Amino acid sequence: MKKIILTTLNSRFTHTSIALRYLYANLKELQDDAMILEFSINDALQSIAEKLLVHQPDIIGIGVYIWNVTYVSELIHIIKKVSPQTKIILGGPEVSHEPFRVDLESADFIIQGEGDIAFYELCVKIFNNSADERVVKMSMPSLKKIELPYKFYTDDDIKNRYIYVEASRGCPFECEFCLSSMDEKVRAFDLERLLEEFEILWQRGARAFKFIDRTFNLNIKTANRLLDFFLAKEPPYFAHFEVVPDHFPDSLKAKIALFPEGALQLEIGIQTLNPQIAANISRPLKIEKIKENIGFLQERTHAHMHLDLIVGLPGETLESFGANLDELVKLSDSEIQIGILKKLSGTYINRHDIECEMVYSDIPPYDVLQTSTLSFMDIQIMKRFARFWDLTYNSGNFKRSVKLIWQDGSVFQNFYDFSIWIYSQTDSTWQISLQRLGELLFKYLCEIRKIDEEFVAKNMLEDMMKIKGRATPSYLKRYAQTISIKNREGTSGFNKRQQ
């Protein structure tokens, strides 16, 4: 039987927890009596409790995040009902800052901050009956002193899931909505040591690497070395980095341009292009540099960009947000993820609560409900807007035809009208099949926008039939005989949404 179990509920099966592996890697003499068990939020909680308690652990350490905190609360309730003697230790971003907005009172201990070493020290105290502090506030450990987690990814992880890695921790910026702004400074891992670990992962078959660094391209020397690591490899592979949009010196651009299609994804946190709103949230905004860099990545590289915009920032109106979206679509045809502002415990975004009349839900994920410039109805509409945008524009399934919604007009205003119309037809944003979605788009373009049916059909057939082997949708069959479409085999890369 194992004395210590490290667990969490990931948001998807394909995800892995690098945090659990850090804790396990640093358990020293306790490691032989410990194990990692991962689940997802889609698993039944009583079944999770059963799979944990069958090992009769003395200690269960649980990673708590915004996406799993409500499930964790219920899981703790179940475990404590049937095994009250089991000590439960919580850690992770959702418990590192107060106030706690979900009931976690039944947990025995909470580690606030980076727990790589703190978890081991607390376990030792528990076994020695000397743990007397329920909430343990940790200072940041030296990255040179902690053991790396990468050898604890299993062969099954490597085969079926994303491998999360990091070259640094922290962020130099002070964006008020982000927990990373709470960090004192950026700290880097020893690069030579990291590259050795990544090489071992590669030799074991790892091909999908997701870097969790908040600012990958902050240190250009390190960024170039990491890019060189992948450029020396034989595709296919997939590397994901979160980057600062205004910091792409020529050496970095040159390397990014060498990556083949499907190999490199760059997550670029734009959030807003409005200088006043950016100033409100203490976010640096070098607009001309951002435009220049996005233009380069769009025109001169095969990198897939994932651009982020946020709805509900203090002071931002629908018109301001719409101008942001119009500008981004003009700059790039990449994926644009539209998120709703969240109020995370510990962030400084609360300083706008009174002046901007910010009202948030206290239920995860703590979305903004209304502001002085956006009503509750506005935000509800924008949540649906974001969902339909994801289904049509970001999915890549309607790459040509979705653009007919706005043609030469405002992207935001025209898609806003479309999202209201499609919601009136579905009364839902979920469980809409690709067939149904395409049918509704076709109907909207032809009947509401009054665009020539054959022209719409040609664009939709090119979208829908681009993957070899797809059946012609019934609503397009009458046009399929007269329109010639070149299709191709499915993608070989890891990121299917690029197509």
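Values in this document were obtained by computation on a predicted structure and should not be read as measured data.

1. Some words on the sheet that holds strand 7 (residues 163-165)
- Here six strands make up an open sheet; going across it, the order is 7-10-11-12-13-14 and the pairing parallel. If you trace the sheet from one side to the other, it starts and ends with strand 7 and strand 14 (335-340), each paired once. Taking each pair of neighbouring strands and ignoring which way they run, the sheet shows an average axis angle of 25°.
- Pairing analysis gives three bridges linking strand 10 (residues 208-211) to strand 11 (residues 238-243), with the strands arranged parallel. If you follow A208 over to strand 11, its bridge partner there is F238.
- Packed on one face of the sheet, helix 6 (residues 191-203) meets strand 7 and strand 10 and runs near 150° to strand 10.

2. Here's the deal with the pattern of salt bridges
- Tallying each qualifying case throughout the model produces 25 salt bridges.
- Here E166 and R169 are joined by a salt bridge, their closest N and O atoms 3.0 Å apart. Accessibility assignment for this pair places E166 and R169 in one class, buried.
- A single network of salt bridges, built from pairs that share partners, joins R21, E38, D156, D157 and R161.

3. Focus on the environment of F248
- Mapping F248 onto the fold places it in the loop between strand 11 and helix 8 (250-256).
- Classification of F248 by relative accessible area gives buried; the value is 7%.
- Here the alpha-carbon distance between F248 and N217, two residues 31 residues apart in the chain, equals 7.4 Å.
- Ignoring any residue separated from it by four or fewer positions in sequence, one finds F248 in contact with N217, V243, K253, I256, L266, N293 and L297.

4. Concerning the packing of helix 11 (residues 318-331) against helix 13 (residues 411-426)
- In contact at an axis separation of 7 Å, helix 11 and helix 13 are set at 110° when each is read in the N-to-C sense. The angle between helix 11 and helix 13 falls in the class roughly perpendicular. Residues L318, F321, G322, L325, D326 and V329 of helix 11 form the contact with helix 13, whose own contacting residues are V411, F412 and Y416.
- Class assignment of the residues belonging to the contact of helix 11 with helix 13 gives a composition of seven nonpolar, one polar and one charged.

5. Overview of helix 6
- Over its 13 residues, helix 6 extends 18 Å from the first C-alpha to the last, a length consistent with the 18 Å expected when each residue adds 1.5 Å.
- Structurally, helix 6 contributes buried residues whose contacts are with helix 5 (155-160), strand 7, strand 10 and helix 7 (220-231).
- Backbone nitrogen of E192 and a side-chain oxygen of the N-cap are separated by 3.4 Å at the start of helix 6; the cap is D190.
- A positive backbone phi angle near 110° is found at G205, which sits one or two residues after helix 6.

6. A closer look at the sheet that holds strand 5 (residues 109-112)
- An order of 2-1-3-4-5-6 is seen for the six strands of this open sheet, with the pairing classed as parallel. Strands with a single pairing partner mark the edges of an open sheet, and in this sheet they are strand 2 (34-40) and strand 6 (135-137). In this sheet, neighbouring strand axes are inclined to one another by 20° on average, regardless of whether the strands run parallel or antiparallel.
- The sheet contact formed by strand 5 and strand 6 spans three bridges and is parallel. Within the sheet, the bridge partner assigned to Q112 lies in strand 6 and is K137.
- The sheet contacts of helix 3 (residues 69-82) involve strand 1 (4-10), strand 3 (59-63) and strand 4 (87-91), and relative to strand 4 the element is tilted by about 170°.

7. A word on the packing of helix 11 against helix 12 (residues 376-394)
- With their axes 13 Å apart at the nearest point, helix 11 and helix 12 run at an angle of 15° to one another. As far as their axial angle goes, helix 12 and helix 11 are roughly parallel. Considering how the two elements wind past one another, helix 11 and helix 12 form a crossing that is right-handed. On helix 12, the residues that touch L318, F321, L325 and V329 of helix 11 are D378, M382, F385, W389 and Y393.
- Its residues placed into classes, the contact of helix 11 with helix 12 shows eight nonpolar, no polar and one charged.

8. Some remarks on helix 4 (residues 118-127)
- Regarding helix 4, the residues found buried are A118, F119, Y120, L122, C123 and I126.
- The inward-facing, buried residues of helix 4 abut strand 1, helix 1 (18-25), strand 3, strand 4 and strand 5.
- Backbone geometry just downstream of helix 4 places N129 in the positive-phi region, at approximately 55°.

9. What about the packing of aromatic side chains?
- Taken as a whole, this structure holds 34 aromatic pairs when the rule is applied.
- Residues Y162 and F238 carry aromatic rings whose centres are separated by 6.1 Å and whose planes lie at 55° to one another, so their mutual orientation is tilted. With Y162 in the loop between helix 5 and strand 7 and F238 in strand 11, this pair connects stretches of sequence that are 76 residues apart.
- Residue classification places Y162 among the partly exposed residues on the basis of a relative accessible area of 23%.
- Judged by relative accessible area, F238 falls into the buried class, the value being 2%.
- On the basis of an interplanar angle of 75° and a centroid distance of 6.3 Å, the ring pair of F211 and F230 is categorised as edge-to-face.

Definitions and limits used
- Residues numbered from 1 in each chain as written.
- Predicted model: local features only at pLDDT ≥ 70, side-chain atom pairs only at ≥ 80, totals over all residues.
- Heavy atoms only, no water.
- Pairing = 2+ DSSP bridges.
- Helix = DSSP H or I, 4+ residues; strand = E, 2+ residues; numbered from the N terminus.
- Axes fitted to C-alpha atoms, helices over the stretch in contact; angles between N-to-C directions.
- Contact = heavy atoms within 4.5 Å.
- Salt bridge = Lys/Arg side-chain N within 4 Å of Asp/Glu carboxyl O.
- Buried < 20%, exposed > 50% of the residue type's maximum accessible area, 1.4 Å probe, protein only.
- Parallel < 35°, antiparallel > 145°, perpendicular 65-115°, else oblique.
- Nonpolar A, V, L, I, M, F, W, Y, C, P; charged D, E, K, R; others polar.
- Expected span 1.5 Å × (residues − 1).
- Polar contact = N/O pair within 3.5 Å; in protein donor to acceptor, adjacent residues only side chain to side chain.
- Left-handed = near helix turned anticlockwise from the far one by under 90°.
- Phe/Tyr/Trp six-rings, centres within 6.5 Å; stacked < 30°, edge-to-face > 60°.

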